[in-house]
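# Structural overview for review
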Amino acid sequence: MGDKGKILFGLSVFVILVTFPFWSRLAAAGDSDGSRPELEYPADATACVEDTPYMTVNHMNLLNEWRDDLVRDGNPEYISSTGETYLKSLTKTCLDCHENRDDFCTSCHDYADVQPTCWECHTTKGGGA
Amino acid sequence: MEKKSRRTFLKETAGAALGLSCGGSILTAACTTSGEGSHGEGSVESQWAMVIDTEKARNPAVREACMEACVREHNVPRIDDPAEKIDWIWEEEYQHVFPDQVHDHLPDSVKEAPVLVLCNHCTNPPCVRVCPTQATWKREEDGIVMMDMHRCIGCRYCMAACPYGSRSFNWRDPRQFVDTDAQGNFHSEYPTRTRGVVEKCNFCAERLRDGLAPACVEAVNQLPGGEGALTFGDLSDPASEVNRILSSQRTITRRVALGTGPNVFYIV
């Protein structure tokens, strides 16, 4: 039974490798305290196109719908659940209120570790990259 | 278990095979029919069209004005390398624009005269036929051959299919070649494109939605001496300016024999 040391060493290497994804992410998040990022909300707007809980969960689906409606079907008007009419436009509608993309979109996308490709083509208000 | 005779077994197998093959061919036929409709060929409710007066567009300032307006409107990258150049509206020599109109006795001044070219927004667009993702399609309400950059996979079938070379491929990130102002902003809010997609003239669909004329048309009409070099209008409207010109003047389109039905007309 002289292999006890080797077995324990092998086991510990195995455990470290298997749990690597978990603790590496924890270590990477060590800079922040892991709490949700502070988002900068528009100062002069009172309501988004839909309410905040809905937008938090569904903004990506809504944007995909807007994209298909506008690009494929040429339908530019979105009528919200409160009856307001909005132009289906990321740059002209969303960014009209959320002027600072970095303090709103990007900070949360970084936190959630998602990489949407919107900004590879779409510009901010006034044609910013 | 009941035992089947060899004869019964063969009969049943043959019957099943026959049934499958007939059913299959009926299904295929049905799919083909519905597929043709979705390619958007044939009738549209109306059709935007353009008439280019080549005499008026002989003035370099006129051609420059409309090409420049397009570049600014759509954030078109300026790439000099002809292999990677992005063109929406540009100029070509007469002999290349109208190869079937050229004969040996034409003087060089005619053969080499610059002519403005752009997407013809064909009635029967071959690019639309070949697109595997329907990223390009013919819009039914106004006949514009549209591009959906979200759907383009960059296969370039459309570029092979277009007989007019009206489509350009983004071999690399175009943003570094797009003009910016002093603050580093693009001239327009129109989305830039990304590496790996095909782009072309869209007849300024985004301006038409706001009730504006295409940027090139607006630019030449504001230029002294350029008025009427480009005329834009609806072919389905009998009173439109394009119909008035087409019914009263001698106009030609590019490579008629191909049957694509170009909707950009030239007064030569």
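Residues numbered from 1 in each chain as written. Chains lettered and ligands numbered in written order. Predicted model: local features only at pLDDT ≥ 70, side-chain atom pairs only at ≥ 80, totals over all residues. Heavy atoms only, no water.

## Topic: the overall build of chain A
Scanning chain A from terminus to terminus reveals four helices and two strands. Secondary structure elements in chain A, listed N-terminal to C-terminal, are α-α-β-β-α-α. Here chain A has a C-alpha radius of gyration of 22 Å; the compact-globule value for 129 residues is 14 Å, and the former is much larger. Among the 129 residues that make up chain A, the fraction classed as buried is 19%. Surface summary for chain A: the accessible area is close to 9300 Å², and the carbon and sulfur share equals 59%. Taking the 10 positively charged and 21 negatively charged side chains of chain A as two groups, their mean positions are separated by 10 Å. (Helix = DSSP H or I, 4+ residues; strand = E, 2+ residues; numbered from the N terminus. Rg over C-alpha atoms; globule rule 2.2 N^0.38 Å. Buried < 20%, exposed > 50% of the residue type's maximum accessible area, 1.4 Å probe, protein only. Areas by Shrake-Rupley, 256 points an atom, 1.4 Å probe, with all protein chains shown as cover. Lys, Arg positive; Asp, Glu negative; His and termini not counted. Charge placed at Lys NZ, Arg CZ, Asp CG, Glu CD.)

## Brief notes about the interface of chain A and chain B
Residue-level contacts link 19 residues of chain A with 19 residues of chain B. For chain A, the biggest contributors to the area lost against chain B are A:Val71, A:Arg72 and A:Cys121; these three give 37% of the whole. Of the charged contacts in the structure, one is a salt bridge between B:Asp148 and A:Arg72, with a shortest N-O distance of 3.2 Å. Listed by contribution, the elements that provide at least two residues to the side of chain A that touches chain B are α2 (52–72) and α3 (90–97) of chain A. The element best represented in the side of chain A that touches chain B is α2(A), accounting for four residues. Residues belonging to the side of chain A that touches chain B are distributed by class as follows: six nonpolar, seven polar and six charged. (Contact = heavy atoms within 4.5 Å. Buried area = accessible area lost by both parts, 1.4 Å probe. Salt bridge = Lys/Arg side-chain N within 4 Å of Asp/Glu carboxyl O. Nonpolar A, V, L, I, M, F, W, Y, C, P; charged D, E, K, R; others polar.)

## Describing the nonpolar core
All names here are of chain B. Counting residues in hydrophobic clusters, the biggest one holds 40 residues, and the most contacted among them are Met50 and Leu230. Residues in contact with Leu230, not counting those within four places in the same chain, are Met50, Val51, Ile52, Cys66, Leu116, Cys216, Val217, Val220 and Asn221. The next biggest cluster of nonpolar side chains, apart from the first, holds 11 residues, and it includes Val128, Cys131, Met147 and Val198. (Core = buried A, V, L, I, M, F, W, Y, C linked by side-chain atoms within 4.5 Å.)

## Quick look at the confidence of the model for chain B
Residue and element names in this part refer to chain B. For chain B, the mean per-residue pLDDT works out to 90, and 89% of the residues sit at or above 70. Considering only residues more than four positions removed or in separate chains, one finds that residues 28–41, a stretch of pLDDT under 50, has six contacts. Overall fold confidence for the complex sits at a pTM of 0.81, while the interface term, ipTM, reaches 0.78. (pLDDT = per-residue confidence, 0-100.)

## Things to note about the sheet that holds strand β10 (residues 264–267) of chain B
Residues and elements named next belong to chain B. Judged by pairing direction, the sheet is mixed, and its four strands sit side by side in the order β8-β1-β10-β9 without closing on themselves. The open sheet terminates on both sides in strands that have one partner only, identified here as β8 (230–234) and β9 (251–252). Sheet topology note: the strand β1 (residues 48–53)/β8 ladder contains five bridges and is antiparallel. Across the sheet, the residue bridging to Met50 is Phe232, located in β8. On the sheet, helix α9 (residues 241–248) packs against β1, β8, β9 and β10 and is oriented at approximately 110° with respect to β8. (Pairing = 2+ DSSP bridges. Axes fitted to C-alpha atoms, helices over the stretch in contact; angles between N-to-C directions.)

## Overview of unusual backbone geometry
Residue and element names in this part refer to chain B. A positive phi angle, close to 55°, is found at Gln134, a residue other than glycine. The class of Gln134 is partly exposed, set by a relative accessible area of 30%. Positive phi, close to 70°, is recorded for Arg156, a residue that is not glycine. With respect to the element layout, Arg156 can be found in the loop between β5 (145–147) and α6 (157–161). Given the relative accessible area of 34%, Arg156 is considered partly exposed.

## Some remarks on the packing of helix α2 (residues 60–74) of chain B against helix α8 (residues 215–222) of chain B
All names here are of chain B. Interaxial distance between α2 and α8 falls to 8 Å at its minimum, and their mutual angle equals 140°. In terms of orientation, α2 and α8 fall into the oblique class. The two elements α2 and α8 meet at a crossing, and its hand is right-handed. On α8, the residues touching Val62, Ala65, Cys66, Ala69 and Glu73 of α2 are Ala215, Cys216, Ala219 and Val220. Split by residue class, the contact of α2 with α8 holds eight nonpolar, no polar and one charged. (Parallel < 35°, antiparallel > 145°, perpendicular 65-115°, else oblique. Left-handed = near helix turned anticlockwise from the far one by under 90°.)

## Digging into the side chain of B:Asn120
As for its placement among the helices and strands, B:Asn120 is situated in the loop between β3 (114–118) and α5 (126–130). Beyond its immediate stretch of four places on either side in the chain, B:Asn120 contacts B:Tyr164, B:Arg254, B:Pro262, B:Asn263 and B:Val264.

## A closer look at α8(B)
Regarding α8(B), the residues found buried are B:Ala215, B:Cys216, B:Val217, B:Ala219 and B:Val220. Residues of α8(B) that are buried make contact with β1, α2, β2 (89–93), α7 (205–209) and β8 of chain B.

## Things to note about the pattern of salt bridges
Residues and elements named next belong to chain B. The tally for this structure, following the rule as stated, stands at 16 salt bridges over all chains. A salt bridge links Arg58 to Glu55; the shortest N-O distance between them is 3.6 Å. Between Asp87 and Lys85 there is a salt bridge, with the nearest N and O atoms lying 2.8 Å from each other. A relative accessible area of 15% places Asp87 in the buried class. One network of salt bridges, with partners in common, ties together Glu68, Arg78 and Asp179.

## Re helix α4 (residues 101–112) of chain A
Residues and elements named next belong to chain A. Across its 12 residues, α4 extends 16 Å between first and last C-alpha, which sits within 8% of the 16 Å expected from 1.5 Å per residue. Taking the backbone nitrogen of Asp102 as reference, a side-chain oxygen 3.2 Å away marks Asn100 as the first, capping residue of α4. Directly after α4, the chain includes Asp113, whose backbone phi takes a positive value near 55°. (Expected span 1.5 Å × (residues − 1). Polar contact = N/O pair within 3.5 Å; in protein donor to acceptor, adjacent residues only side chain to side chain.)

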